[in-house]
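Structure at a glance
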Amino acid sequence: MAVLSSVSSLLPFSSYGANRLTSKASLASITSGFNLSSRWNSTRNPSRLHLSRAVTNNSGNTEVSENEAAPRTYAWPDNKRPRVCILGGGFGGLYTALRLESLVWPDDKKPQVVLVDQSERFVFKPMLYELLSGEVDVWEIAPRFSDLLTNTGIKFLRDRVKTLLPCDHVGVNGSESFITGGTVLLESGFKIEYDWLVLALGAESKLDVVPGATELAFPFYTLEDAIKLNEKLSKLERKNFKDGSTIKVAVVGCGYAGVELAATISERLQDRGIVQSINVSKNILTSAPNGNREAAMKVLMSRKVQLLLGYLVKSIKRASDSKEDEGYLLELQPAERGLENQTIEADIVLWTVGAKPLLTKLEASGPNVLPLNARGQAETDETLRVKGHPRIFALGDSSSLRDSNGKLLPTTAQVAFQEADFTGWNIWAAINNRPLLPFRFQNLGEMMTLGRYDAAISPSFIEGLTLEGPIGHAARKLAYLIRLPTDEHRFKVGISWFAKSAVDSIAVLQSNLTKVLSGS
């Protein structure tokens, strides 16, 4: 998503701090489990790419055994049924696959679905902040695809996409000259021939806009980013415990991601740290409902977050030449009149501004290249099909769909949820020769976390209403619980969250009783 936002769906139907997230346990949880064990070599020398022999396990996921030759082409189980390849296992890709699985199909037309993603885990990104506050565990918001897809017919491949070779290009005169959709070439050398392709590759942080940002700033976009940040904070907290040094955190950007990070980290550090938030605009959350903006401002002020509004970050550099000194200097340039240049110090620089779609990283695919806009998103029609390619659908960060006013839809979780539902249905319609439905985005509201027991929700169906504090926090977690991928995972997480809430409630009760008794 272009900005890691907690703007999420409030649909009524389905879809650690340091004490919970130790570095060893976190890394083990990410690297364990199956993977393609591909030996990654330079993409400029395809002949050196290797892939171990693919084996399908009992859960229907593709694994690999080492040191064995592999077939270069993915073998679909049935040569007669439609073949759907989904690239990207985020909100758009995974939920499209699950939507296809849930629809009713004629026996001979139910598609075979393969899902490709570079990670072994699906990540519920709007709740990455809760890893820093200790509210959730990794498995709750980042389950393995192998676990989620165990009881489905969806196959999973862990790999990276290298090249698209579509064969469904519509000629200038409107004629269609294709038999199948095309081929996907993966970095491991594996090829997947498909009839229908779904592009949901997501995006990555855009750090190369300011000198020093790529090398020195922390992005906050992936599970790995959250774990790395948590480890850094834990290290600084240990240092603070030893020498009492103040922890200084600079957050670049005051959109949803920046504000949620500032609120979460300031609550975690309390009097041990200083959080400074930098934004080019004179306001925070410029596109958010007034209720969310006011709630966020109130929380940030109560936690003494310093707002540096109307500034651009000119550069980021180390505070000293010594690599042992991990301090950084940020040069700020005024974006508004009446302000002066200034330099601030920070132990951590968090970058939350900008993202670039991963479609731009794919190699050129011959004459039938996909039409991309200036941001690197595929141009789609209102049914989410890529223009000129009737066998390819694009959604989420990979799509440049516009609303009825001609404005690009935001790349948020809420939009991706709804697009996945339409994409699954339209693939069903295309296979069964039915009319495709035009996508219509329904804004159901926006919500954000502001700390361990604090959040803000502004539902669109009740104008002027904003739920804040513990009530907003509970409503937000319930909405996200409903939108977790599968019933089984939803049930497990619900039990876990209920148990944690019960333990926290007992702890608060004991604390209050202790205070009362000691006072008497």
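All of these numbers come straight from a predicted model, not from anything done at the bench.

1. Observations regarding the environment of A429
- Here A429 shows up in helix α11 (residues 413–431).
- Accessibility expressed as a relative area gives 0% for A429, which makes it buried.
- Other than its neighbours up to four places away in sequence, A429 contacts R434, P435 and L436.

2. Description of the environment of N426
- In this fold, N426 is placed in helix α11.
- Each C-alpha atom of the pair N426 and L436 lies 5.2 Å from the other, and the pair is 10 residues apart in sequence.
- When residues no more than four places from it in sequence are discounted, the contact partners of N426 are T383, F393, L436 and L437.

3. Examining the packing of helix α3 (residues 91–102) against α11
- In the contact formed by α3 and α11, the axes pass within 8 Å of each other and the chain directions differ by 35 degrees. The handedness of the crossing between α3 and α11 is right-handed. Facing F91, G92, Y95, T96, R99 and L100 of α3, the residues of α11 in contact are A413, A416, F417, A420, D421, T423, G424, W425 and I427.
- In the contact of α3 with α11, the residues fall into nine nonpolar, four polar and two charged.

4. Describing the pairing of strand β9 (residues 196–199)
- Of the two faces of β9, the one carrying W196 and V198 and the one carrying L197 and L199 are both buried.
- Taken together, the four bridges between strand β3 (residues 83–87) and β9 define a ladder with parallel strand orientation. Directly across from L87, in β9, lies its bridge partner L199.
- As paired elements, β9 and strand β21 (residues 389–394) share three bridges and run parallel to each other. By the bridge assignment, V198 is partnered in β21 with F393.

5. Focus on the pattern of salt bridges
- Enumeration according to the criterion identifies 23 salt bridges in this entry.
- Residue K500 is joined to D137 by a salt bridge in which the shortest nitrogen-to-oxygen separation is 3.1 Å. Within this pair, whereas K500 is found in helix α13 (residues 487–519), its partner D137 is found in the loop between α4 (129–133) and α5 (138–141), the two being separated by 363 residues in sequence.
- Classification of K500 by relative accessible area gives buried; the value is 13%.
- Of the residues examined, D137 reaches a relative accessible area of 19% and is grouped as buried.

6. Thoughts on helix α10 (residues 290–302)
- When the terminal C-alpha atoms of α10 are compared, their 18 Å separation across 13 residues agrees well with the 18 Å that a helix rising 1.5 Å per residue should span.
- Burial in α10 covers these residues: G291, N292, R293, A295, A296, V299 and L300.
- Each element contacted by the buried residues of α10 is listed here: α9 (256–269), β14 (306–309), β22 (445–451), β23 (454–459) and β24 (467–468).
- Just downstream of α10, K304 is the residue with a positive phi angle, here 60 degrees.

7. Some details on the packing of α9 against α10
- As a packed pair, α9 and α10 sit with axes 10 Å apart at the nearest point and diverge in direction by 30 degrees. It follows from the interaxial angle that α9 and α10 lie roughly parallel. Crossing handedness for the pair α9 and α10: left-handed. Along its contact with α9, which presents Y256, V259, A262 and A263, the element α10 presents N292, A296, V299 and L300.
- Grouping the constituent residues of the contact of α9 with α10 by class yields seven nonpolar, one polar and no charged.

Reading the values: rules and limits
- Residues numbered from 1 in each chain as written.
- Predicted model: local features only at pLDDT ≥ 70, side-chain atom pairs only at ≥ 80, totals over all residues.
- Heavy atoms only, no water.
- Helix = DSSP H or I, 4+ residues; strand = E, 2+ residues; numbered from the N terminus.
- Buried < 20%, exposed > 50% of the residue type's maximum accessible area, 1.4 Å probe, protein only.
- Contact = heavy atoms within 4.5 Å.
- Axes fitted to C-alpha atoms, helices over the stretch in contact; angles between N-to-C directions.
- Left-handed = near helix turned anticlockwise from the far one by under 90°.
- Nonpolar A, V, L, I, M, F, W, Y, C, P; charged D, E, K, R; others polar.
- Pairing = 2+ DSSP bridges.
- Salt bridge = Lys/Arg side-chain N within 4 Å of Asp/Glu carboxyl O.
- Expected span 1.5 Å × (residues − 1).
- Parallel < 35°, antiparallel > 145°, perpendicular 65-115°, else oblique.

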